[in-house]
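A look at the structure
Listed below, chain by chain, are the residues.
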Amino acid sequence: MHHASEAPGAPLRGIIPPLVTPLADRSTLDLPGLERLTEHVIGGGVHGLFILGTTGEAPGLGAALKHELVQRVCGSVARRAPVLVGISETAISESLAIAETAHRCGADALVLAPPYYFPATQDELLGYLERLAPQLPLPLFLYNQPYRPPVFAPETVRQAMAIPGIVGLKDSSGDMCYFQKIRALFAELPHASLFIGPEQLLAESVLTGAHGGVCAGANLFPKLYVALYHAAAAGDLQRTVELHGKVMEVCRRIYEASHGASSVIKGLKCALGSLGLCSDHMAEPFQRFGESERSRIAEAAQRLKASLE
């Protein structure tokens, strides 16, 4: 079984969009939309794709659809960029099944959030990782998911990074004090990658040493996020601040059309639909926006697109 950490190479870096899952209905993928979206982000210069994450509405998708999505995305990407696959399931057998499909289809890594439903203690989390990692056929990234406790505590992360096969962490907690503790810890780990989730924090995270961002808005405007990453990684402060302002504009106009945790994905899917990239059908129990919000977001998306060209 191959583990990246057995031959520590350069850590993964850059912008890795958490791909939305284009749906035709609750159990069918919008295949032409998925193809267009995949080509759109790869054409925008992203450094990888992450499927079955929060933005991909993974908890609302059926098992058969998840496996089909892995197969389709790996097939269309055809190794032009690394593919990371979420395996955050309530049953370990389901996590292992998706991991096997990912491996068989040519994905590059797996991503795991703490088990949800029953919150685990830090000791239980570490034990789980020690048992799970050796059974996985691909390197594993840990994922602090924004909507469910617990986060991997810094000490848990320190110990977890010593487990063969665990190669990085994506932090969507939104807590920069926590993030900076983890960043200091990763400074001692040359093989490991640290990614920020919330794009509002991408500029400062990369300026202070993060390896990149897993940013929802990169589904929509991949070139903007890639440009911001490169500016921050090069320490070009003026350009970083300017591009950060544009990212904040995307957040304000696209994500804040509604309330609740689903509003980011609703706004994003709505904007993608309005630009002809993919369907805006949502995984249940969520529903896409009504007409008034849709026309407002469509107008905002067109205006943002024009301002970025």
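Residues numbered from 1 in each chain as written. Predicted model: local features only at pLDDT ≥ 70, side-chain atom pairs only at ≥ 80, totals over all residues. Heavy atoms only, no water.

Following the sequence through the fold, Ala-120 ends up in the loop between β6 (109-112) and α4 (122-132). Separated by 31 residues in the primary sequence, Ala-120 and Val-151 place their C-alpha atoms 9.8 Å from one another. Non-local contacts of Ala-120, meaning those with residues more than four positions away in its chain, are made with Leu-125 and Pro-150. (Helix = DSSP H or I, 4+ residues; strand = E, 2+ residues; numbered from the N terminus. Contact = heavy atoms within 4.5 Å.)

One open sheet accounts for 8 strands, arranged β1-β10-β9-β8-β7-β6-β5-β4; its pairing is parallel. The open sheet has two edge strands, β1 (14-15) and β4 (49-51), and neither has a second partner. Relative to strand β5 (residues 83-86), β4 runs parallel, the two being bridged by 3 bridges. Across the sheet, residue Ile-51 finds its bridge partner in β5, namely Val-85. (Pairing = 2+ DSSP bridges.)

Looking now at helix α3 (residues 92-105). End to end, α3 covers 20 Å across 14 residues, agreeing with the expected 20 Å (1.5 Å per residue, within 8%). Within α3, burial applies to Ser-95, Leu-96, Ile-98, Ala-99, Thr-101 and Ala-102. Among the structural elements, α2 (63-77), β5, β6 and α4 are those in contact with the buried residues of α3. Gly-106, located one to two residues past α3, shows a positive phi value of around 95°. (Expected span 1.5 Å × (residues − 1). Buried < 20%, exposed > 50% of the residue type's maximum accessible area, 1.4 Å probe, protein only.)

This part covers the pattern of salt bridges. Tallied over the full model, the rule gives 14 salt bridges. Salt bridges sharing partners connect three or more residues here, namely Asp-280, Arg-288, Glu-291 and Arg-294. (Salt bridge = Lys/Arg side-chain N within 4 Å of Asp/Glu carboxyl O.)

Within the largest apolar cluster, 97 residues are counted, with the highest numbers of intra-cluster contacts made by Val-85, Phe-186, Tyr-225 and Ile-254. Of all the elements, helix α8 (residues 222-233) adds the most residues to this core, at 7 residues. (Core = buried A, V, L, I, M, F, W, Y, C linked by side-chain atoms within 4.5 Å.)

Here we take up the packing of aromatic side chains. Under the criterion given, the structure shown has 3 aromatic pairs. Between the aromatic rings of Phe-141 and Phe-195, the centroid separation amounts to 6.3 Å while the plane-to-plane angle is 65°, which identifies the pairing as edge-to-face. With Phe-141 in strand β7 (residues 140-144) and Phe-195 in strand β9 (residues 193-196), this residue pair connects regions lying 54 residues apart in the sequence. (Phe/Tyr/Trp six-rings, centres within 6.5 Å; stacked < 30°, edge-to-face > 60°.)

Right, let's talk about the side chain of Lys-266 for a bit. Examined against the element boundaries, Lys-266 turns out to sit in helix α10 (residues 263-274). Within the buried set, Lys-266 has no salt-bridge partner at all; the shortest N-O distance to an opposite charge, 6.9 Å, is to Glu-293. With sequence-adjacent residues up to four places away left out, Lys-266 is seen in contact with Met-282, Gln-287 and Phe-289. (Lys, Arg positive; Asp, Glu negative; His and termini not counted.)

Interaxial distance between helix α9 (residues 237-255) and helix α11 (residues 291-308) falls to 10 Å at its minimum, and their mutual angle equals 170°. As the angle between them shows, α9 and α11 are arranged roughly antiparallel. Crossing of α9 over α11 shows left-handed handedness. Residues Lys-246, Glu-249, Val-250, Arg-253 and Ile-254 of α9 lie in contact with α11, whose contacting residues are Ile-297, Ala-300, Ala-301, Arg-303, Leu-304, Ser-307 and Leu-308. (Axes fitted to C-alpha atoms, helices over the stretch in contact; angles between N-to-C directions. Parallel < 35°, antiparallel > 145°, perpendicular 65-115°, else oblique. Left-handed = near helix turned anticlockwise from the far one by under 90°.)

Here the bond from Glu-284 into Pro-285 is cis, since omega is 10°, no more than 30 degrees from zero. Mapped onto the fold, Pro-285 is located in the loop between α10 and α11. Notably, Leu-52 is not glycine yet its phi reads approximately 65°, a positive angle. As for its position among the elements, Leu-52 is in the loop between β4 and α2.

Attention now moves to the packing of α8 against α9. For the pair α8 and α9, the least separation of the axes is 9 Å and the interaxial angle reads 145°. As α8 runs across α9, the sense of the crossing is left-handed. Contact residues: Leu-224, Tyr-225, Ala-227, Leu-228, Ala-231 and Ala-232 in α8; Arg-239, Thr-240, Leu-243, His-244, Lys-246, Val-247, Val-250 and Tyr-255 in α9. Looking at the contact of α8 with α9 residue by residue, the classes come out as 10 nonpolar, 2 polar and 2 charged. (Nonpolar A, V, L, I, M, F, W, Y, C, P; charged D, E, K, R; others polar.)

A few words on the confidence of the model for the protein chain. Averaged over every residue, the pLDDT of the protein chain is 94; the share at 70 or more is 97%. Segment residues 1-8 is flagged for pLDDT under 50; beyond a separation of four residues in sequence, or across chains, it makes 20 contacts in the model. (pLDDT = per-residue confidence, 0-100.)

Attention now moves to the pairing of β6. By the alternation rule, side chains of β6 split into Ala-109 and Val-111 and Leu-110 and Leu-112, which are all buried. Pairing between β5 and β6: 3 bridges, direction parallel. Note on β6: the bridge partner recorded for Gly-86 is Val-111. Note that the unit made of β5, α3 and β6 has a crossover that is right-handed. With 3 bridges connecting them, β6 and β7 associate as parallel partners. If you follow Leu-112 over to β7, its bridge partner there is Leu-142. (Right-handed = clockwise from strand over helix to strand, strands pointing away.)

With respect to the secondary-structure elements, Gly-75 resides in helix α2. Sequence separation of Gly-75 and Pro-115 is 40 residues, and the distance between their C-alpha atoms is 29 Å.

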